[in-house]
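Analysis of the macromolecular model
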Amino acid sequence: MANLRLGLVHTPITPFKADRKIDFGLFESVVAFHLKNGAEGLAIQMHTGESVSLSDAEQRQILEFTVRQVKGRVPVIAHTSDAGTQIAADRARYAQDTGAAAVIATTPYYWTPPPAMIVEHFARIGSAVTIPFYVFHTPDELAATKLSADLVLKLIDRLPNFAGLVDSSHQWQFMIDSISAAWRVRPDFQLISGTEYMVSAGTIGASAMFSPLAAVAPKLVRNLYDICRTEKYFDARKPQENVAALRQAVKRAGGIEALKGAMRAMGRDCGDTRPPLDKLEAKRFEKLAAELAAMPFLRDEPRGW
Amino acid sequence: MGRMFEGVMQSTVTPLKEDFTPDLATFEKLLDFHVRTGATAISWPHHKGESLNLTMAQRKALAEVAVKALGRRIPISIHVSALSVEDSMELAQHAQKIGADAIIAITPYFWNPSQEALYDHYVRLGTSIDLPLIAYNSPRMLSGAEFTGELLGRLLERLPNLVALKDASFHSEKFLELSRTALAIRPDFSLVTGVEFLAPSVPLGGVGCYSSAGAICPNLCTQLWEACISGDAPRARDLQFKMLRLWDLLKEQYPSSLKGGMVIMGRPVGPTSPPLPTANKERVAFIAQRLEELGIIESEPHGW
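Not measured: the values here are computed from a predicted model. (Residues numbered from 1 in each chain as written. Chains lettered and ligands numbered in written order. Predicted model: local features only at pLDDT ≥ 70, side-chain atom pairs only at ≥ 80, totals over all residues. Heavy atoms only, no water.)

Brief notes about the overall build of chain B
Summing up its helical and strand segments, chain B has 11 helices and 8 strands in all. Each of the three principal axes of chain B carries a C-alpha extent, and together these read 50 × 45 × 35 Å. With 304 residues in all, chain B has 62% of them scored as buried. Looking at chain B alone, contacts between residues at least 24 apart form 74% of all its contacts between residues at least 6 apart. Total accessible area computed for chain B in this model is approximately 11,300 Å², and 54% of it derives from carbon and sulfur atoms. Between the centroid of the 29 positive side chains of chain B and the centroid of its 33 negative side chains there is a distance of 2 Å. (Helix = DSSP H or I, 4+ residues; strand = E, 2+ residues; numbered from the N terminus. Buried < 20%, exposed > 50% of the residue type's maximum accessible area, 1.4 Å probe, protein only. Contact = heavy atoms within 4.5 Å. Areas by Shrake-Rupley, 256 points an atom, 1.4 Å probe, with all protein chains shown as cover. Lys, Arg positive; Asp, Glu negative; His and termini not counted. Charge placed at Lys NZ, Arg CZ, Asp CG, Glu CD.)

A closer look at the interface of chain B and chain A
At the junction of the two partners, chain B supplies 31 residues and chain A supplies 29 residues. Regarding the contact of chain B and chain A, the summed buried area is about 2,700 Å², with carbon and sulfur atoms giving 62% of it. Connecting chain B to chain A are 2 salt bridges. The residue A:Lys251 makes a salt bridge to B:Glu173 at a minimum N-O spacing of 2.6 Å. Summed over the shared surface of chain B and chain A, the result is 13 residue pairs in polar contact (both at pLDDT 80 or more). Among the elements of the structure, helix H6 (172-185), helix H7 (218-229) and helix H8 (233-250) of chain B are those that each provide at least two residues to the side of chain B that touches chain A. No other element matches H8(B), which puts 9 residues into the side of chain B that touches chain A. Classifying every residue of the side of chain B that touches chain A gives 17 nonpolar, 7 polar and 7 charged. (Buried area = accessible area lost by both parts, 1.4 Å probe. Salt bridge = Lys/Arg side-chain N within 4 Å of Asp/Glu carboxyl O. Polar contact = N/O pair within 3.5 Å; in protein donor to acceptor, adjacent residues only side chain to side chain. Nonpolar A, V, L, I, M, F, W, Y, C, P; charged D, E, K, R; others polar.)

Considerations on the environment of A:Ile13
Residue and element names in this part refer to chain A. Secondary-structure assignment places Ile 13 in the loop between strand E1 (8-10) and helix H1 (24-36). What makes Ile 13 buried here is its relative accessible area of 1%. Taking the C-alpha atoms as reference points, Ile 13 and Gln 171, 158 residues apart in sequence, are found 25 Å from one another. In contact with Ile 13, other than residues within four places in its own chain, are Phe 27, Val 30, Gln 45, Thr 48, Gly 49, Leu 259, Lys 260, Met 263 and Cys 270.

Notes on the sheet that holds strand E3 (residues 76-79) of chain A
Residue and element names in this part refer to chain A. As summarised here, the arrangement of the 8 strands in space is E1-E2-E3-E4-E5-E6-E7-E8, forming a closed barrel in which the pairing is parallel. Recorded for the sheet is a direction-independent mean angle of 25 degrees between the axes of neighbouring strands. Sheet topology places E1 next to strand E8 (residues 206-211); 3 bridges connect them, and they run parallel. Residue pairing in the sheet places His 10 in a bridge with Ser 211 of E8. Contacts from helix H6 (residues 172-185) reach strand E5 (133-137), strand E6 (162-167) and strand E7 (190-193), with the element oriented near 170 degrees to E6. (Pairing = 2+ DSSP bridges. Axes fitted to C-alpha atoms, helices over the stretch in contact; angles between N-to-C directions.)

Looking at the pairing of E5(A)
Residue and element names in this part refer to chain A. In terms of burial, E5 is largely enclosed, as 5 of its 5 residues are buried. Covered by surrounding structure in E5 are Phe 133, Val 135 and His 137 together with Tyr 134 and Phe 136, the residues of both alternating faces. Handedness of the crossover joining strand E4 (residues 102-106) and E5 through helix H4 (residues 115-127): right-handed. (Right-handed = clockwise from strand over helix to strand, strands pointing away.)

Section: helix H10 (residues 256-265) of chain A
All names here are of chain A. With 8 of its 10 residues buried, H10 lies for the most part within the structure. All of the buried residues in H10 are Ile 256, Glu 257, Ala 258, Leu 259, Lys 260, Gly 261, Ala 262 and Met 263. Those residues of H10 that are buried lie in contact with helix H9 (237-253) and helix H11 (282-293). The positive-phi residue at the C-terminal boundary of H10 is Gly 267, with phi of around 85 degrees.

Thoughts on the packing of aromatic side chains
Residue and element names in this part refer to chain A. Under the definition given, this model contains 16 aromatic pairs over all chains. Seen from their ring centres, Phe 27 and Phe 65 are 5.9 Å apart, and the 50 degrees between their planes marks the pair as tilted. Separated by 38 residues along the polypeptide, Phe 27 in helix H1 and Phe 65 in helix H2 (residues 56-70) bring together distant segments of the chain. Taking relative accessible area as the criterion, Phe 27 reaches 0% and is therefore assigned buried. Phe 65 gets classed as buried once you look at its relative accessible area, which sits at 17%. An aromatic cluster of at least three residues, connected via ring pairs, comprises Phe 122, Phe 133, Phe 162 and Phe 189. Here the guanidinium or amino end of Arg 60 rests over the ring plane of Tyr 94, the centre of that ring lying 4.6 Å away. (Phe/Tyr/Trp six-rings, centres within 6.5 Å; stacked < 30°, edge-to-face > 60°. Lys NZ or Arg CZ within 6 Å of the ring centre and 35° of its normal.)

Read these as spatial facts, not as claims about activity.
So this is what it looks like as structure tokens:
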């Protein structure tokens, strides 16, 4: 297995035109922005990128586009989750052929298979490639299917390329159980914080971070991540609280449409989300923009592209 | 003024005789053990103390024993939560009367009250006494009823005697919402975790925990706390991992495995009351093996 250590991974949005087609012109600016503003990796396309609203062909297209633009400057991690195991595995193989540095997948959409079939699902996706494979744990979005330390161990046993766990559960017990068990059999296994709650995750072993908010406040995110990597967690409290304040403001305004709204407030208009997600109507946008304007720590952040 | 509640605090088990009635003499010995081994405060009876399986009369009698046995060496808070809120109110009055230092109360059981009802509940409880009040948040056990940052903030504005919150969410986002709200309003507020999840909480303003394992391994508790407050991240992580392996063992039918472990450490406290099972011989042997593997038997005090 290639020895890939992830760092600060940005998770870009997908911009759409008024006719709801992907706006590749704008997406090029999105990718360029992330590369210029501290991304050590790009995950294409996570839920933040509305992956579930993209067709298989579009997911492949957007990955190819990114790999071409990035030209190996940072690793591109391909998110290949789907409902059907074979579909997700085929997309993973395609990602490897396209030049992705790693593949990531979460539990199947919609279905609630028994634990043995969850192992099978991940094992088939992971074994479709030889590049590193990461499992994405996001129980708030996919509540019906639970992951466990036992599943992590079973997958380590099955997959030599199972490189790490991207955790958005924020649950201390799950993270500690999983990473401590994994390290006993695979010492270079990586725990990656799936959002910017890096202080708590870092204290219990996370070495990397996925960040949607890097599209809004890349300096703040970078600062938080850098301090956490030195393990000076008391020093990270202030940036962690600032990131949380930003995150909660966006959350109060909505989902991905609010993230896009926050980008717009920072001078990076990416248009609307694709149906069935709501558009961010003017009233919600104005409230969010006003909240962001009142956050002093956003003053140093880049405006525009 | 320093905080009354910080560091590794012990919420003790309730020693029982074979007929499941309280064993008062052993309770006194246990409290003394905790004081001697570094507890910064005592709180009783949390669920680990089988609170909901005790009658009102038993709870009052044991609370009196506890206050007397501690003799003001360290603060004691009384957990007043009962199925009926009216009983909680009565236990709060009783705690005040017998000289307890504070009361602690979880969100009400069973009904999943709204945020507004939780606000009203804590205001009613908090204004009924002159003692400090500790709120207790356990969203995983009482799904639907939980402290949001907003609720905690409102209560802090309303209740000057709300001095601490025991958070058992064990969740990065939830903990941070509570800490950044509470500490902005009142910097000396004590935010502590439900069991020893100290490494992920101390850097964000956490000031301690109610311990699950202190009756088994007080030395490990102290070492973990010291590593966390000194900012020794690698050591804190190693000790936190060890503590969690222990928690994974003890949380099984809590507190019956804990009571089983105390037998091995030479501090037997009797059975666990139904409907909770009592650790049988096989379970105790299994726990003994795990404590041996974790190096706890040789590194922690044996006997009283």
